[in-house]
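Residue strings, one per chain:
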Amino acid sequence: MSVSTQAWPEQLPARQVRIARPTDRLPEVIRFYRDGLGLTELFRFEEHAGYRGIMLGLPGTDYHLEFTSHEAGSPCPAPTLDNLLVLYFDNAADAERTAQRLGELGHAPVAAENPYWTDNGGITIEDPDGWRVVLMPAPVF
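Note that the structure is a prediction, hence the values are computed from the model and not measured.

Student: Teacher, can you tell me more about helix α1 (residues 26-37) here?
Tutor: Since the α-helix packs 3.6 residues into each turn, any two residues three or four apart lie on the same face. Relative to the 16 Å expected for twelve residues at 1.5 Å per residue, α1 spans 15 Å between its end C-alpha atoms, a close match to the ideal helical length. For α1, every residue scored as buried is listed here: L26, V29, I30, F32, Y33, G36 and L37. In the segment just after α1, G38 is the residue with positive phi, at about 95°.

So this is what it looks like as structure tokens:
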């Protein structure tokens, strides 16, 4: 069975994955992930106990990112240059088109901390908070 068709482990009957993090630059982060990367806006909320935020995802709602901002501030320094969100594409042209769209929004590629990504054709780009996204031309497994 290939990795992509395996069922969730029996001991972890989860049905959705959400990665969530705060930001003080919510409009810029939305522009990066929705308009630049092209993730779909799934849900947005305002004034929830001082929070506002957005969920962005891939087709369907099984895997998505949530970005929140609190009225009192939501400091969010990126912990290291090697904390990554890696997106795999079918080919280099698709990854390059995405990088070009992000470049048009002012987000140029940066040097990868780990040379593995560059050596295998990856394009590393920082979001407005300094978190890094790697655009890989093909899955490695």
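Student: Could you clarify how one ought to interpret the sheet that holds strand β3 (residues 51-57) in this entry?
Tutor: Working definition: the strands of a sheet are paired by backbone hydrogen bonds and lie parallel or antiparallel to each other. The mixed open sheet is built from four strands, whose spatial order is β1-β4-β3-β2. Looking at strand neighbours, the two that pair on one side only are β1 (17-22) and β2 (40-48), the edges of this open sheet. Across the sheet, the axes of successive neighbouring strands diverge by a mean angle of 15°, strand direction being ignored. Running at roughly 5° to β3, α1 makes contact with β1, β2, β3 and β4 (63-70) of the sheet.

Student: Is there a simple way to explain the packing of α1 against helix α2 (residues 92-104) in this structure?
Tutor: Helix-helix packing is described using two parameters, namely the angle between the two axes and the distance between the axes. It is at 9 Å that the axes of α1 and α2 come closest, and there the two elements cross at 135°. Considered as vectors, α1 and α2 are oriented oblique to each other. Here α1 runs over α2; the crossing is right-handed. When α1 is examined against α2, the residues F32, D35, G36 and L37 are found in contact with a partner set consisting of T98, R101 and L102. Each residue belonging to the contact of α1 with α2 can be placed in one class, and the counts come to three nonpolar, two polar and two charged.

Student: Whenever I open this one, the sheet that holds strand β5 (residues 84-88) confuses me. Can you help?
Tutor: The strand order β5-β8-β7-β6 describes an open sheet built from four strands, whose pairing is mixed. The open sheet has two edge strands with one neighbour each: β5 and β6 (109-110). Of the strands in this sheet, β5, β7 (123-126) and β8 (132-136) are in contact with α1, which crosses β8 at around 15°.

Student: Is there a simple way to explain a nonpolar patch on the surface in this structure?
Tutor: A cluster of nonpolar side chains, namely W8, L12, L58 and Y63, defines an oily patch on the protein surface of about 400 Å² accessible area. Residue placement: Y63 occurs in strand β4.

Student: Just checking my understanding: could you explain the packing of aromatic side chains for this structure?
Tutor: Within a pair of aromatic rings, the relevant descriptors are the distance that separates the centres and the angle that separates the planes. The full count for this structure, using the stated rule, is four aromatic pairs. Judged by centre distance (4.8 Å) and plane angle (70°), the rings of F32 and Y33 are edge-to-face. This pair shows no difference in class: F32 is buried, exactly as Y33 is. With 5.1 Å between their ring centres and 85° between their planes, Y116 and W117 make a pair best called edge-to-face. In this structure W117 comes out as buried when scored by relative accessible area, which is 13%. Members of the aromatic cluster, joined through ring pairs, are F32, Y33 and F67.

Parameters and conventions
- Residues numbered from 1 in each chain as written.
- Predicted model: local features only at pLDDT ≥ 70, side-chain atom pairs only at ≥ 80, totals over all residues.
- Heavy atoms only, no water.
- Helix = DSSP H or I, 4+ residues; strand = E, 2+ residues; numbered from the N terminus.
- Expected span 1.5 Å × (residues − 1).
- Buried < 20%, exposed > 50% of the residue type's maximum accessible area, 1.4 Å probe, protein only.
- Pairing = 2+ DSSP bridges.
- Axes fitted to C-alpha atoms, helices over the stretch in contact; angles between N-to-C directions.
- Contact = heavy atoms within 4.5 Å.
- Parallel < 35°, antiparallel > 145°, perpendicular 65-115°, else oblique.
- Left-handed = near helix turned anticlockwise from the far one by under 90°.
- Nonpolar A, V, L, I, M, F, W, Y, C, P; charged D, E, K, R; others polar.
- Patch = residues over 30% accessible without salt bridge, like charges linked within 9 Å, V, L, I, M, F, W, Y side chains within 5 Å.
- Areas by Shrake-Rupley, 256 points an atom, 1.4 Å probe, with all protein chains shown as cover.
- Salt bridge = Lys/Arg side-chain N within 4 Å of Asp/Glu carboxyl O.
- Phe/Tyr/Trp six-rings, centres within 6.5 Å; stacked < 30°, edge-to-face > 60°.

All quantities given are derived from atomic positions and should not be read as evidence of function.
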